[in-house]
Amino acid sequence: MKDEKKKLFFQESKVLLRRSLGYFWGFKKRLALAVVGMLVVAPCGAATAWLVKLAVDDVLIRKDVTALKLVTFLIFALMSLKGIFRFIQTYYMNSTGLMVVESLRNDLYERLIHLPLRFFNENQVGMLMSRMLNDVALIRQSMPSIVMFVREFFTVIALIGYVIYLDRILAFWGLIVLPIVMWVFATFSRKLRKIGRKTQVNVSDVSVVLQEGLSGIRVIKAFASEAFEVAKFKTENAKYLKSAVKQIRISEQSSRVMEIVGALAAGLVLWYGGMRVIEGGLTPGALLSFLTALAMLYEPIKRMNSANMDIQAALAGAERVFEILDSPHLVAESGGAVELDEPFQALVFEGVLFKYPGAVRPSLDRIDLRVQAGERVAIVGPSGAGKTTLVNLIPRFFEPQEGRIVLNGRPVAEYSLRSLRRSMGIVSQEAFLFNASVSENIAYGMTRNCAREEVEAAANAAFAREFINDLPEGFATLVGERGVKLSGGQKQRLTIARAILNNPPLLILDEATSALDTESERIVQLALDNLMKGRTSIVIAHRLSTVLSADRIVVMEGGRVLDQGRHEELLGRCDLYARLYHMQFSEDMDSAD
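Source: prediction; values computed, not measured.

*Asks:* What am I meant to see in the sheet that holds strand β8 (residues 536-540) here?
*Replies:* Backbone-to-backbone hydrogen bonds pair the strands of a sheet. The strands run either parallel or antiparallel. Taken in spatial order, the six strands make up an open sheet running β6-β7-β8-β3-β9-β10, and their pairing is mixed. Edge positions in the sheet fall to β6 (424-428) and β10 (560-565), since each has one partner strand and no second. Adjacent strand axes in the sheet meet at a mean angle of 15° when their direction is disregarded. Sheet topology note: the strand β3 (residues 376-380)/strand β9 (residues 552-557) ladder contains four bridges and is parallel. For A378, the partnering residue across the bridge sits in β9 and is I553.

In structure tokens, the structure reads:
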């Protein structure tokens, strides 16, 4: 069982390394320079040990002035050469690592942004941000650490060759502990990968709590639950601390074992070599040179161990990044080849059934519905009736399990996603704005540069011009994250202006006024009336008073269409509609009183 685990560990490591290094391969010239620097630096250790022997035997003992000049020059030349080429290796390797991080983040973001909404419903934003920022940064360590590992490996080989050349018997006593070194590498590598993986999960959990807390700060303060949120954050932070401390402990254990092994080897050599010097079988310079080489031998071994720790941490991050990049289960959204560039004719739901993952019953149960060009169709019903789910299927945010949706005689799946979605204007209850200027938010998504006059005309039609003029910099004013500097009604009017500028043939309004006060609702409703002129509209209404003039009202309950018709017809024959209408009418009368 242990052998199988070891085999699996090394197989996984090999795959992850190959996948990570593939990103470095795109910078071959820079890598080549780094490798040249590594190859020059690697044998400098052995050369330094040889110079120690020369300095002791020829300069200090024989007092040879020529040897002194030669040793002085060679030390200067060796250190200069080592410094220059170490700079080349370090600079090109680390800068290449930053370029790889950029490339990886670009690929990961592109991968994420093209995944369907279902993926984002099932995964937390904080976790995804952690993978994008923390895990990708860890992969940066992989190639520099591997290059350092290889450089130190060649340094070790050169030093081993030199100590064997100096004295084979001394070399035996100095290298007898190498099997222990190999055991340390193999044992601690698995431990470091395991704890590294856990640490990254804990970092992700901290990011999730942090993102949720800062995003929901208004709710937290409204319920005075700061203490609860702080306690939750402390819990996740403590878990991260525990795994990080364990990671440090394992790392330090590994380093200290290496030091003890090195000290044991030095002790054996000093004992045996000292006896040889006393007996006259070895020169003091040779022993000192050997001890220098041995000390220099275990320094690169310790650096190899340190590089191995970084590599294991990088592979732990790579596991989480490539889980998203390479997962066959995460399929990017795909559309058809047909471009939707013709006027809207009809939209038809044919036996559409949709159920969310893990749900007991379907949210939509075999819906049949037709929307004709120019119609204003309202969809009403109690919460959980399936209204929002129904309209989310039109732009293919979700896919039905049964049935189909046909637009202009073609299933929507045959149209390219870009042309399908750009043929629709969606104004939802939550008005989302980017941290950009007012004009940039209005023109968001346009495929061409819009003239200032066009943006202003859209703002006028959305009844937004008046409040925009009152802003500090007018159309150039930054609205803040999620439009935090604006009121709900102001944000909604900007999203309506965005839809007006886009000029879509089909309009979908998902309870666009339900979160507004009466005054804001009145102004926004005027803007919506301007938006709906000359367009086919599907309106999900919370307040029935806003859809009484619709060409057709569709009543839904429990994922089914109960009835459809004009207001007067439904009031007389649909009990649910009559109940909803009278309930709201009574509430409005009470409010008026």
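*Asks:* Sorry, what's going on with the packing of aromatic side chains here?
*Replies:* For the coordinates displayed, the defined rule picks out eight aromatic pairs. Considering the side-chain rings of F87 and Y91, the 5.8 Å spacing of their centres and the 10° angle between planes classify their relative orientation as stacked. Here F87 and its partner Y91 are both found in helix α4 (residues 65-113), four residues apart, which amounts to about one turn of the helix. Take Y91: its relative accessible area is 42%, and that puts it in the partly exposed class. With a centroid separation of 5.8 Å and an interplanar angle of 45°, the aromatic rings of F354 and F398 are classed as tilted. Here F354 is found in strand β1 (residues 346-354), whereas its partner F398 is found in the loop between α13 (387-392) and β4 (402-407), with 44 residues between them in sequence. There is no split in this pair, since F354 and F398 are both buried. One aromatic cluster in this structure is built from F87, Y91 and Y92.

*Asks:* Help me out: how do you make sense of the pattern of salt bridges in this one?
*Replies:* Side-chain pairs of opposite charge can arise where the charged atoms are in close proximity. Under the counting rule described, the total for this entry stands at 12 salt bridges. Taking the shortest distance from any N to any O, the salt bridge between R366 and E402 comes out at 2.5 Å. Separated by 36 residues along the polypeptide, R366 in strand β2 (residues 364-372) and E402 in strand β4 bring together distant segments of the chain. Residue class for E402 comes out partly exposed when judged on its relative accessible area of 35%.

*Asks:* I tried to follow the side chain of S95 on my own but got confused; where do I start?
*Replies:* By the secondary structure assignment, S95 is in helix α4. A distance of 2.4 Å separates the side chain of S95 from the side chain of R30, its partner in a polar contact. Polar side-chain contacts of S95 include one of 3.3 Å to the backbone oxygen of Y92.

*Asks:* What is the right way to read the sheet that holds β1 from this model?
*Replies:* A sheet is described by the order of its strands in space; here four strands give the open sequence β2-β1-β4-β5, paired in antiparallel fashion. Two strands in the sheet have a free side with no partner beyond their single neighbour: β2 and β5 (410-411).

*Asks:* Please explain the nonpolar core as it appears in this structure.
*Replies:* Generally speaking, a soluble globular protein has its nonpolar side chains buried in company with each other. Grouped together as the largest cluster of nonpolar side chains are 44 residues, with contacts concentrated most on I442, I468, L494, I496 and L531. Ranked by residues supplied to this core, first place goes to helix α18 (residues 488-502) with six residues. Contact partners of I468, with chain neighbours within four places excluded, come to V438, I442, A459, G474, F475 and L494.

*Asks:* It is not clear to me how a nonpolar patch on the surface should be interpreted in this structure. Could you clarify?
*Replies:* The grouping of V35, L39, F153, F154 and I157 at the surface amounts to a nonpolar patch, some 420 Å² of accessible area in total. With respect to the helices and strands, V35 occurs in helix α2 (residues 28-41). On the basis of relative accessible area, V35 is assigned to the partly exposed category, the value being 33%.

Cut-offs and rules
Residues numbered from 1 in each chain as written. Predicted model: local features only at pLDDT ≥ 70, side-chain atom pairs only at ≥ 80, totals over all residues. Heavy atoms only, no water. Pairing = 2+ DSSP bridges. Helix = DSSP H or I, 4+ residues; strand = E, 2+ residues; numbered from the N terminus. Axes fitted to C-alpha atoms, helices over the stretch in contact; angles between N-to-C directions. Phe/Tyr/Trp six-rings, centres within 6.5 Å; stacked < 30°, edge-to-face > 60°. Buried < 20%, exposed > 50% of the residue type's maximum accessible area, 1.4 Å probe, protein only. Salt bridge = Lys/Arg side-chain N within 4 Å of Asp/Glu carboxyl O. Polar contact = N/O pair within 3.5 Å; in protein donor to acceptor, adjacent residues only side chain to side chain. Core = buried A, V, L, I, M, F, W, Y, C linked by side-chain atoms within 4.5 Å. Contact = heavy atoms within 4.5 Å. Patch = residues over 30% accessible without salt bridge, like charges linked within 9 Å, V, L, I, M, F, W, Y side chains within 5 Å. Areas by Shrake-Rupley, 256 points an atom, 1.4 Å probe, with all protein chains shown as cover.

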